[in-house]
Structures are given as structure tokens and as C-alpha cells.
Amino acid sequence: MKNDDFKLWDLIFPSLVIGAFLVLVVVALFTGCASSKAGCPYEVGGAVKDGGAIRNCDDWDGNISFSILNNSEKKITSYDVVISLYDWNGNPVFENDFVSFSVEQEADAGQTIDGALYVKDYIEQDGGMLWPDYFYLSTIRYEDGSVWEDPLGMYSL
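Small disclaimer: the values here were computed from a predicted structure and weren't measured.

Student: Any details on the overall build of the protein chain? Residues and values, ideally.
Tutor: The secondary structure content of the protein chain amounts to 2 helices and 8 strands. Considering the protein chain as a whole, with its 157 residues, one finds that 34% of them fall into the buried category. Counted over contacts in the protein chain with a minimum sequence separation of 6, partners at least 24 positions apart contribute 69%. Carbon and sulfur atoms provide 56% of the accessible area of the protein chain, an area that totals close to 9,800 Å².

Shown next as C-alpha cells:
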């Protein structure tokens, strides 16, 4: 009987070690880096951060307004924004869940700039309320030629 227990343990132990390792990796990814804004060269503000609904009606100008604080020590020359919007039923309003916009706008180190994304052309239906879900800068280009990237949205709202 002891010989059978030993063989069973030899089979179970490697699986437990691998499982524990995977749990630690997942915890590190989703609680360490993602929740910390340390290392993020920008802060988002304005209507998109407040999480308020956007009324999609005839008199809406089609823009999503936001502000960005340049936390880096370099001058921003342009950036790419990724956004996703949902209707009141929780359904995505874009054909693809996320839409990316390239914005040519400069911001000195420490400066806050206001921006707006015209999204109405991407929305398939009019009427109702829209809620921004994800909003992040996927790429920031600086005056010195360097580039900061967050392709997976680790710093998304």
C-alpha cells in the first residue's frame, strides 16, 4: 500500500507545484502592476474618467471628452487612444469591441491637455445612453523620438 501512495504523490505533487505557480503569476499580473499607476506616464481626467453616461441623441455632437496629464518629463507629440463603449443593455456599440484613434496633440511635461474623440461614425444605432468602459493610451510618442506603449491596456480606466 505504501508503494501505491508514493506513486500517487509523485503524480500529484508536480501538478500542485505548477498550479501554485500559475496562481501566483495571475495574482501578480492582476493585482500588482495593473492596480498600480506607478510607471504610467499619464493620468486621465474629465468626463470619461467620471464614468458618467453619454446621451446619444440628435443634439449630441458625437464627441467623447477627456483630459490627459502628462506625468513624464518629456514632451508628448502624439498618442493613440483605445476606447470601448456600451449601451444601456451592456452591449458594445462599436462593430469591434474597441476602437483606436491616433491623436496629434502636444503636451509639455506636467501639462494637462483637453481632448475629444469623435465616435458617432462608429456607432451603429442612435438613441439611448452610452457608457465608456475601457479608455487608455496604447502608445505615446515623445519629442525625443522615444515611444511608450501599453498594447494590452494595463493602465486602462
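Student: Describe the sheet that holds strand β6 (residues 112-118), and please don't skip the residues or the numbers.
Tutor: Pairing in this open sheet of 3 strands is antiparallel, and the strands run β1-β3-β6 from one edge to the other. Of all the strands in the sheet, the pair left with one neighbour each is β1 (42-45) and β6. Adjacent strand axes in the sheet meet at a mean angle of 30°, parallel and antiparallel pairs treated alike.

Student: I'd like a description of the packing of aromatic side chains, backed by residues and values.
Tutor: To describe a pair of aromatic rings, you give the distance between the ring centres and the angle between the ring planes. For the coordinates displayed, the defined rule picks out 4 aromatic pairs. Centroid distance Phe66 to Phe135: 5.1 Å. Interplanar angle 55°. Geometry classified as tilted. Pair noted here: Phe66 is in strand β3 (residues 63-70) and Phe135 is in strand β7 (residues 129-142), with a separation of 69 residues, a long-range link. On the basis of relative accessibility, which here comes to 3%, the residue Phe66 falls in the buried class. Each member of the aromatic cluster is reached from another via a ring pair, and the members are Tyr42, Trp148 and Tyr155. In this arrangement the basic side chain of Lys74 is found over the ring face of Tyr142, its NZ or CZ atom lying 4.9 Å from the centre.

Student: Can you tell me about the environment of Met154, naming the residues and giving the values?
Tutor: Along the chain, Met154 falls in the segment after β8 (147-149). Assessed through its relative accessible area of 30%, Met154 is described here as partly exposed. For the pair Met154 and Tyr136, spaced 18 residues apart in sequence, the C-alpha separation works out to 8.4 Å.

Student: I'd love a proper account of the nonpolar core, names of residues and values included.
Tutor: Membership of the largest hydrophobic core comes to 33 residues, with the highest contact counts inside it found for Tyr42, Tyr79, Leu85, Leu117 and Val119. For this core, the secondary-structure elements that each account for two or more residues are β1, β3, β4 (76-87), β5 (99-103), β6 and β7.

Student: Report on the pattern of salt bridges, specifying residues and quantitative values.
Tutor: Counted under the stated rule, the structure contains 3 salt bridges. In this structure, Lys74 and Asp144 form a salt bridge, with 3.9 Å as the shortest nitrogen-oxygen distance. With Lys74 in the loop between β3 and β4 and Asp144 in the loop between β7 and β8, this residue pair connects regions lying 70 residues apart in the sequence. Asp80 is the partner of Arg141 in a salt bridge, and the nearest nitrogen-oxygen pair spans 2.8 Å. With Arg141 in strand β7 and Asp80 in strand β4, this residue pair connects regions lying 61 residues apart in the sequence. In this structure Asp80 comes out as buried when scored by relative accessible area, which is 12%.

Student: Give me the lowdown on the environment of Asn70, citing residues and values where you can.
Tutor: Looking at the element boundaries, Asn70 is found in strand β3. A relative accessible area of 0% means that Asn70 is categorised as buried. Taking C-alpha positions, Asn70 is 6.3 Å from Thr112, a pair spaced 42 residues apart along the chain. Setting aside anything within four residues of it in sequence, one finds Asn70 in contact with Pro41, Lys75, Ile76, Ala107, Asp108, Ala109, Gly110 and Gln111. There is a polar contact of 2.8 Å between the side chain of Asn70 and the backbone oxygen of Lys74.

Student: Break down the confidence of the model for the protein chain for me, citing the residues and quoting the values.
Tutor: The predicted coordinates of low-pLDDT regions are not to be read in fine detail. Mean pLDDT over the protein chain works out to 79, with 69% of the residues at or above the 70 mark. Every residue in residues 27-36 scores below 50 in pLDDT, and together they form 8 contacts with partners more than four places removed in sequence or on other chains.

What counts, and where the lines are drawn
- Residues numbered from 1 in each chain as written.
- Predicted model: local features only at pLDDT ≥ 70, side-chain atom pairs only at ≥ 80, totals over all residues.
- Heavy atoms only, no water.
- Helix = DSSP H or I, 4+ residues; strand = E, 2+ residues; numbered from the N terminus.
- Buried < 20%, exposed > 50% of the residue type's maximum accessible area, 1.4 Å probe, protein only.
- Contact = heavy atoms within 4.5 Å.
- Areas by Shrake-Rupley, 256 points an atom, 1.4 Å probe, with all protein chains shown as cover.
- Pairing = 2+ DSSP bridges.
- Axes fitted to C-alpha atoms, helices over the stretch in contact; angles between N-to-C directions.
- Phe/Tyr/Trp six-rings, centres within 6.5 Å; stacked < 30°, edge-to-face > 60°.
- Lys NZ or Arg CZ within 6 Å of the ring centre and 35° of its normal.
- Core = buried A, V, L, I, M, F, W, Y, C linked by side-chain atoms within 4.5 Å.
- Salt bridge = Lys/Arg side-chain N within 4 Å of Asp/Glu carboxyl O.
- Polar contact = N/O pair within 3.5 Å; in protein donor to acceptor, adjacent residues only side chain to side chain.
- pLDDT = per-residue confidence, 0-100.

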